[in-house]
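# Examining the three-dimensional arrangement
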Amino acid sequence: GLIDENRREQENLKKSELRALQAQINPHFLYNTLDAIVWLAEAGQSREVIHITRALSDFFRISLSQGKDFIPLSEEIKHLTGYLTIQKIRYRDILDYEIDIPEELGGARVLKLLLQPLVENAIYHGIKHRRGRGMIRVSGRAEGAWLVLAVEDNGAGMSPERLAQVRAGLDAGAGVSSGYGLYNVNKRIQLYYNQPQGVWIESDEQTGTRVTLKVPARSE
């Protein structure tokens, strides 16, 4: 009984630490977005100011979700769309995106903040290091009782050696250097879904990077 209680306490501690890690990510994004709103306002682009402010409102409303950990996939997609709307305005010269998730999957409940951190990672570690415009594609499909979601980019990609380091780092708890988002999503899936693996990473320097996750397709 004591061993089980100690294990639960350790898991709760890890969940709390990961929530704190999530909180560290948001202020940086907020500062950058507010800066973008200021320079859009100074440039007299009122329509863009309204657009980006509404996207920011959606982003944080869904991030909070009244303290809930699990939300409908449709809300997760709306949260991601708000984020990408903002980033598209900030990086209009280098960023295109596409979301390809069937509407009928929108009712599935998923752990919140699964997709946005992966897209953030793709922008900062893939697209920004690519010459010319980059594309991020977010896709989803049902696979039996599972929901499979993927984020792929045609950015800089990783060498086999670097890919091996990132994969090893995720499991060892040292993956923060490859992006808070990737590490955070991986550990949260492992903890909340009690799965041995959170995300799968495929990458090469020719085609870019693809990150895939597989979670139960729960309706409640």
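As shown above, the structure is provided for reference.
Described below are features of the structure shown in this document. (Residues numbered from 1 in each chain as written. Predicted model: local features only at pLDDT ≥ 70, side-chain atom pairs only at ≥ 80, totals over all residues. Heavy atoms only, no water.)

### Here we look at the pairing of strand β7 (residues 208-216)
- In terms of burial, β7 is largely enclosed, as 7 of its 9 residues are buried.
- Of the pairings in the sheet, the one linking strand β6 (residues 199-204) to β7 comprises 6 bridges and is antiparallel in character. Residue pairing across strands places I201 opposite V211, the latter belonging to β7.
- What sits between β6 and β7 in their antiparallel hairpin is a turn of 3 residues. (Buried < 20%, exposed > 50% of the residue type's maximum accessible area, 1.4 Å probe, protein only. Helix = DSSP H or I, 4+ residues; strand = E, 2+ residues; numbered from the N terminus. Pairing = 2+ DSSP bridges.)

### Here we look at helix α2 (residues 46-64)
- Taking 1.5 Å per residue, 19 residues should reach 27 Å; α2 reaches 27 Å between its end C-alpha atoms and fits that length.
- For α2, the complete set of buried residues consists of V49, I52, A55, L56, F59, I62 and S63.
- S65 occupies a position one or two residues after α2 and carries a positive phi of about 45°. (Expected span 1.5 Å × (residues − 1).)

### A short note on the sheet that holds strand β2 (residues 95-100)
- With respect to topology, 5 strands assemble into an open sheet ordered β2-β4-β5-β7-β6, the strand pairing being mixed. For this open sheet the edge positions go to β2 and β6, each flanked by a neighbour on one side alone. Here the strands of the sheet are splayed against their neighbours by 10° on average, with no regard to which way each runs.
- In this structure, strand β4 (residues 134-143) lies alongside strand β5 (residues 146-153), joined through 8 bridges in antiparallel fashion. Bridge pairing in β5 places I136 opposite D153.
- Across the sheet, helix α3 (residues 73-90) is in contact with β2, β4 and β5; its angle to β2 comes to roughly 170°. (Axes fitted to C-alpha atoms, helices over the stretch in contact; angles between N-to-C directions. Contact = heavy atoms within 4.5 Å.)

### Observations concerning helix α4 (residues 116-125)
- In terms of residue burial, α4 counts as a mostly covered element, since 9 of its 10 residues are buried.
- Within the span of α4, buried status applies to Q116, P117, L118, V119, E120, N121, A122, I123 and Y124.

### What to know about unusual backbone geometry
- Backbone geometry at L113 places phi at a positive 60°, although glycine is not the residue there.
- Here L113 is to be found in the loop between β3 (109-111) and α4.
- In this structure L113 comes out as buried when scored by relative accessible area, which is 9%.
- Even without being a glycine, N194 presents a positive backbone phi close to 55°.
- Within the secondary structure, N194 is located in the loop between α6 (180-192) and β6.
- A residue is classified by how much of its surface remains accessible, and N194, at 67% relative accessible area, is exposed.

### Observations regarding the environment of V185
- Along the chain, V185 falls in helix α6.
- Residue classification places V185 among the buried residues on the basis of a relative accessible area of 0%.
- Sequence separation between V185 and S203 is 18 residues, and the spatial gap between their C-alpha atoms is 18 Å.
- Setting aside residues no more than four positions away along its own chain, V185 makes contact with L113, L114, P117, L118, V199 and L213.

### Here's the deal with the side chain of H79
- Among the structural elements, H79 can be located in helix α3.
- Relative accessible area serves as the criterion here: at 1%, H79 is assigned to the buried category.
- Side-chain polar atoms of H79 contact the backbone oxygen of F59, separated by 3.4 Å.
- If we skip the residues at most four places from it in the chain, H79 touches F59, I62, S63, L113 and Q116. (Polar contact = N/O pair within 3.5 Å; in protein donor to acceptor, adjacent residues only side chain to side chain.)

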